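Each chain, letter by letter, is given below.
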Amino acid sequence: MTLAYDCFWSFRSPYSYLVTPRLMALERDFDVRCAVRIVRPIAVRQPEFFSNGDPLWVSYLMRDTVRTAEFLGLPYRWPRPDPVVMDVATRTYPQAQPYIHRLSRLGQLAAERGRGLPFIAAVSHLIWSGAVDGWHEGDHLARAVASAGCDLAEMDAVLENDGARLAAVIEANEAAQRAAGHYGVPLMAFGGEPFFGQDRFDQMVWRMERAGLARRA
């Protein structure tokens, strides 16, 4: 019996990037299917989240993500440019965002076509690995998308006509995310339980093992 779970995932989340290789390996090696459900970053959904929070939250995140990437053996650097643009002078997030809405809609479209995991793996590696500056320039994004078995130009054309529908699906994902038990990412939902954060991946697999998780032949 194929096990299935939802993964609520954001292109601006370093922890989403850091868990994705394990999500890929899980589906490669075991009879399990991940339903990728793209959500907008919390900086877009709740722009006041960071300005109202304790400054230690951000400083700890910066330290912890570097440490976690080193522990996992993954390349990592904060993206250049950040997928969510911030006004540095006011430390606020303007409503106009040139990158994240396109990325999110592309990711949701790939998920609907059954290429969700390969797409988020390839694109998040481009954005977060530090391999290039200006991940949004030239053919960097097109090449990453092609490595996931997709065509960026074709997908962008779909977004021109179907962008509003995809945006509505993403908002529905956000409502389902909260209904699953948390507002953050990555959030894996399996068997009626939420598993929030990349550090809960092993506990999700443990639950799956108790539910009969089987290796692929």
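Structure: see above.
Residues numbered from 1 in each chain as written. Predicted model: local features only at pLDDT ≥ 70, side-chain atom pairs only at ≥ 80, totals over all residues. Heavy atoms only, no water.

## A closer look at the nonpolar core
Among the nonpolar cores identified, the biggest contains 56 residues, and Tyr5, Phe11, Leu26, Phe119, Met204 and Met208 are the most heavily contacted of them. The element contributing the most residues to this core is helix α6 (residues 116–128), with 8 residues. Apart from the residues within four sequence positions on either side, Met208 is in contact with Leu3, Tyr5, Leu26, Val32, Phe190 and Leu213. Grouped together as the second largest cluster of nonpolar side chains are 5 residues, Phe8, Val185, Leu187 and Ala189 included. (Core = buried A, V, L, I, M, F, W, Y, C linked by side-chain atoms within 4.5 Å. Buried < 20%, exposed > 50% of the residue type's maximum accessible area, 1.4 Å probe, protein only. Helix = DSSP H or I, 4+ residues; strand = E, 2+ residues; numbered from the N terminus. Contact = heavy atoms within 4.5 Å.)

## Considering the packing of helix α1 (residues 14–29) against helix α4 (residues 55–72)
Orientation of α1 relative to α4, taken along the N-to-C sense of each, is 15 degrees, at an axis distance of 10 Å. In terms of axis orientation, α1 runs roughly parallel to α4. Crossing of α1 against α4: the hand is left-handed. Each of Pro14, Tyr15, Leu18 and Arg22 in α1 lies in contact with α4, whose residues at this interface are Leu61, Asp64, Thr65, Thr68, Ala69 and Leu72. A per-class count over the contact of α1 with α4 returns 6 nonpolar, 2 polar and 2 charged. (Axes fitted to C-alpha atoms, helices over the stretch in contact; angles between N-to-C directions. Parallel < 35°, antiparallel > 145°, perpendicular 65-115°, else oblique. Left-handed = near helix turned anticlockwise from the far one by under 90°. Nonpolar A, V, L, I, M, F, W, Y, C, P; charged D, E, K, R; others polar.)

## Observations concerning the sheet that holds strand β4 (residues 193–196)
The strand order across the open sheet built from 4 strands is β2-β1-β3-β4, with neighbouring strands paired in mixed fashion. Every other strand in the sheet has two partners, leaving β2 (32–38) and β4 as the edge strands with one partner each. Strand-to-strand, the axes of this sheet are offset by a mean angle of 25 degrees, without reference to chain direction. Sheet analysis places strand β1 (residues 3–9) next to β2, joined by 7 bridges and oriented parallel. Of the residues in β2, the one forming a bridge with Leu3 is Val32. Those strands touched by α1 are β1 and β2, and its axis lies near 165 degrees from that of β1. (Pairing = 2+ DSSP bridges.)

## Looking at the pairing of strand β3 (residues 187–190)
Side-chain alternation along β3 places Leu187 and Ala189 on one buried face and Met188 and Phe190 on a second face that is also buried. With 3 bridges connecting them, β1 and β3 associate as antiparallel partners. Pairing of Asp6 across the sheet is with Ala189, part of β3. Alignment of β3 against β4, held across 4 bridges, turns out to be antiparallel. Across the sheet, residue Phe190 finds its bridge partner in β4, namely Glu193. Counting the residues in the hairpin turn of β3 and β4 gives 2 residues, including Gly191, whose phi is positive at 60 degrees.

## Overview of the state of the cysteines
The bond known as a disulfide is covalent and runs between the sulfur atoms of two cysteines. By the definition in use, this model includes 0 disulfides. Residue Cys7 stays outside any disulfide, its sulfur separated by 4.8 Å from that of Cys34, the closest cysteine. Classification of Cys7 by relative accessible area gives buried; the value is 0%. Using a relative accessible area of 10% as the deciding quantity, one classes Cys34 as buried. (Disulfide = S-S within 2.5 Å.)

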